[in-house]
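Residue strings, one per chain:
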Amino acid sequence: MGREGMRARRAVAALTAATVLAAVVLVSAPPAGAVTNPPTFVRKWGSFGTGTTQFDSPSAVAVGPGGEVYTLDAANGRVQVFTPEGAFLRQFGRVGTGRAQFTNPEGLAVDSQGNVFVSDDGDRIQKFTSTGAWLMRIGLPGTALGKVSDPAGLAIDPDDNLYVVDRGNSRIQKFNGDTGRFLNAFGFAGGGNGQFSSPRSIVVNDSDQVLVADTGNHRIQVFTLFGAFVRAFGSQGSGPGQLQSPAGLSVDSEDRVYVADTGNDRMQQFDAAGTFLSAWGTTGSGKGKFRGPTGVAVNSADDLYVSDAGNHRIQAFGQLPQPDGAIRVGASGAFAGDAVYNTSGRGQAVSASAARGRSVTYETTWQNDGVFPDRIRLKGRPSGANVTVRYVVGGTNVTPQVTAGTFRTVLLAPGDAVTVRITVTMRSSAPAGLRFDATLRAKSQLDPTRKDVVRFVTTRA
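These numbers were taken from a predicted model, which means no experiment stands behind them. (Residues numbered from 1 in each chain as written. Predicted model: local features only at pLDDT ≥ 70, side-chain atom pairs only at ≥ 80, totals over all residues. Heavy atoms only, no water.)

## Topic: the overall build of the protein
Step number 1: Within the protein, the regular secondary structure consists of two helices and 39 strands.
Step number 2: Oriented by its inertia axes, the alpha-carbon framework of the protein measures out at about 90 × 40 × 40 Å.
Step number 3: The buried share of the protein, taken over its 461 residues, is 56%.
Step number 4: Put simply, of all contacts in the protein between residues at least 6 apart along the chain, 53% involve residues at least 24 apart.
Step number 5: By element, 49% of the accessible surface of the protein is carried by carbon and sulfur atoms, the whole surface being about 17,300 Å².
Step number 6: Between the averaged position of the 46 positive side-chain charges in the protein and that of its 37 negative side-chain charges there is a distance of 12 Å. (Helix = DSSP H or I, 4+ residues; strand = E, 2+ residues; numbered from the N terminus. Buried < 20%, exposed > 50% of the residue type's maximum accessible area, 1.4 Å probe, protein only. Contact = heavy atoms within 4.5 Å. Areas by Shrake-Rupley, 256 points an atom, 1.4 Å probe, with all protein chains shown as cover. Lys, Arg positive; Asp, Glu negative; His and termini not counted. Charge placed at Lys NZ, Arg CZ, Asp CG, Glu CD.)

## Some thoughts on the nonpolar core
Step number 1: With 31 residues, the main nonpolar core has Tyr 362, Trp 366, Tyr 391, Leu 440 and Phe 456 as its most contacted residues.
Step number 2: Among the elements of the structure, strand S31 (349-354), strand S32 (359-368), strand S33 (376-380), strand S34 (387-393), strand S37 (417-426), strand S38 (435-444) and strand S39 (451-460) are those that each provide at least two residues to this core.
Step number 3: The dominant element in this core, judged by the number of residues it contributes, is S37, at five residues. (Core = buried A, V, L, I, M, F, W, Y, C linked by side-chain atoms within 4.5 Å.)

## Some thoughts on the environment of Thr 423
Step number 1: Relative to the helices and strands, Thr 423 is located in strand S37.
Step number 2: Assessed through its relative accessible area of 22%, Thr 423 is described here as partly exposed.
Step number 3: When the C-alpha positions of Thr 423 and Gly 330 are compared, they lie 9.5 Å apart, and in sequence the two are 93 residues distant.
Step number 4: Ignoring any residue separated from it by four or fewer positions in sequence, one finds Thr 423 in contact with Ser 359, Val 360, Thr 361, Thr 388, Val 389 and Arg 390.

## Some words on the pairing of strand S11 (residues 124-128)
Step number 1: Of all five residues that make up S11, five are buried, and the element is covered over most of its length.
Step number 2: The alternating pattern of S11 places Arg 124, Gln 126 and Phe 128 and Ile 125 and Lys 127 on opposite faces, both of which are buried.
Step number 3: Here strand S10 (residues 116-120) pairs with S11 via five bridges, running antiparallel. Opposite Phe 117, over in S11, you have Lys 127 as the bridge partner.
Step number 4: A loop of three residues connects S10 with S11, the two strands running antiparallel in sequence, and Asp 123 in this loop sits at a positive phi of about 55°. (Pairing = 2+ DSSP bridges.)

## Describing the packing of aromatic side chains
Step number 1: Counted under the stated rule, the structure contains 16 aromatic pairs.
Step number 2: Between Phe 186 and Phe 223, the ring centres sit 4.9 Å apart and the planes meet at 45°, which makes this aromatic pair tilted. Residue Phe 186 is located in strand S16 (residues 182-186), and its partner Phe 223 is located in strand S21 (residues 219-224); the two are separated by 37 residues in the primary sequence. Neither Phe 186 nor Phe 223 differs from the other in exposure class; each is buried.
Step number 3: Taking 5.0 Å as the distance between ring centres and 50° as the angle between the ring planes, the aromatic pair formed by Phe 233 and Phe 270 counts as tilted. Taken as a pair, Phe 233 in strand S22 (residues 229-233) and Phe 270 in strand S25 (residues 266-270) lie far apart in primary sequence, 37 residues in all. Considered together, Phe 233 and Phe 270 belong to a single accessibility category, that of buried residues.
Step number 4: Taken together, the aromatic side chains of Trp 45, Phe 55, Phe 82, Phe 88 and Tyr 305 make up a single cluster linked through ring pairs. (Phe/Tyr/Trp six-rings, centres within 6.5 Å; stacked < 30°, edge-to-face > 60°.)

## Digging into unusual backbone geometry
Step number 1: Positive phi, close to 60°, is recorded for Ser 57, a residue that is not glycine.
Step number 2: Inspection of the secondary structure puts Ser 57 in the loop between strand S2 (40-45) and strand S3 (58-63).
Step number 3: Assessed through its relative accessible area of 30%, Ser 57 is described here as partly exposed.
Step number 4: You will see that Asp 208, though not glycine, has its phi angle at about 60°, which is positive.
Step number 5: Its location among the elements puts Asp 208 in the loop between strand S19 (201-204) and strand S20 (209-214).

## Some details on the sheet that holds S16
Step number 1: The strand order across the open sheet formed by four strands is S13-S14-S15-S16, and the pairing between neighbours is antiparallel. With one partner strand each, in any of the chains shown, strand S13 (151-156) and S16 form the two edges of the open sheet. Across the sheet, the mean angle from the axis of one strand to that of its neighbour is 20°, orientation sign disregarded.
Step number 2: Note: S13 against strand S14 (residues 162-166), four bridges, orientation antiparallel. Along S14, the bridge assignment pairs Ile 156 with Leu 162. (Axes fitted to C-alpha atoms, helices over the stretch in contact; angles between N-to-C directions.)

None of the figures reported here should be taken as evidence of function without further support.
As structure tokens, then:
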């Protein structure tokens, strides 16, 4: 396989990886129902306050079509918008009851055109452009169809229809997202199938199913787009797969379900059938810890954003970072080690020979197989008594840094790679039969526990 074909395949593998991130970062999509690693923590932003990039009890988070992260800063009555890395972009809204004002907003959704929907205690849903220009109101106070009481979570389906958790009426309502026209409703108060107790959040998956966080019943319910009950999973408790007042809900590209298990100060992951996969987080303010998480959103690369309300911040999780090394002799031919991840060198080793005074060249590639930008740290074996080793990147001799273990690649986007050329020279003093067995090791900067290694063995000809 040529380099471009190899890199294309490796890039696809990296972008479809789905064992979730450290917050957060995963490597490969597990089969349905398989137990997976929890997402890995990647970054956090926000603190208590009223300034930009500050929050007061953020209640929801959503991802726009361009990857922007929309956050509902509840007590401050506004929406703040950030880059996927947490850099502030813009904000709109303020506390109040008029147009473009909010009172205890709870629901947030963004459609395929970037329009933003927000629900608040005014028994209404307001629609805005992506830049915050007010467009329309959906819903009036009441119990009749098309009217709402204490609306909470919002979701958008593939046709940009709007689903509203009409909490005060213990039901779900569906509206045309363009016109605000009422389309459908289902559910009523209770604990049976298709019944709700203080529902909080809602999401539509890629299989055209509607999932609802039935908060008061401590479970997740699944319906068709038309409101027919499909299944429920979860029960009250703190064990794996049990829930305590779940608030936030989202799904990824494989229909895996992420639940903000608010009362247990943790996140949980389930497969599409509701089988428990993983849980992470404990009560606290450190990385990957939570105080009343309320909202969760997943972007197109299956990165995960959580509104950590009690800590007044957003935490990001994603695919487990993974450097992927491959090696070959010379500058042509097949690579060994592509998409092989281990630190033994098994399946990632090549051999060559060189006469005294002669050299052999190895070419290695190091690719970011995670889904977040990452730098890869490399450490290689230094020269020996009878052998000289030289490491070159892009024409620059980086041997001192590589042998000291301080060399880091440029920031690599998911699927991007760098090439490191290794030249091994047999000195004139090299005895017959000399075998120089060496490795070049890599670590992810995002998660140093994620490693890979290639091995190159040079014998004196």
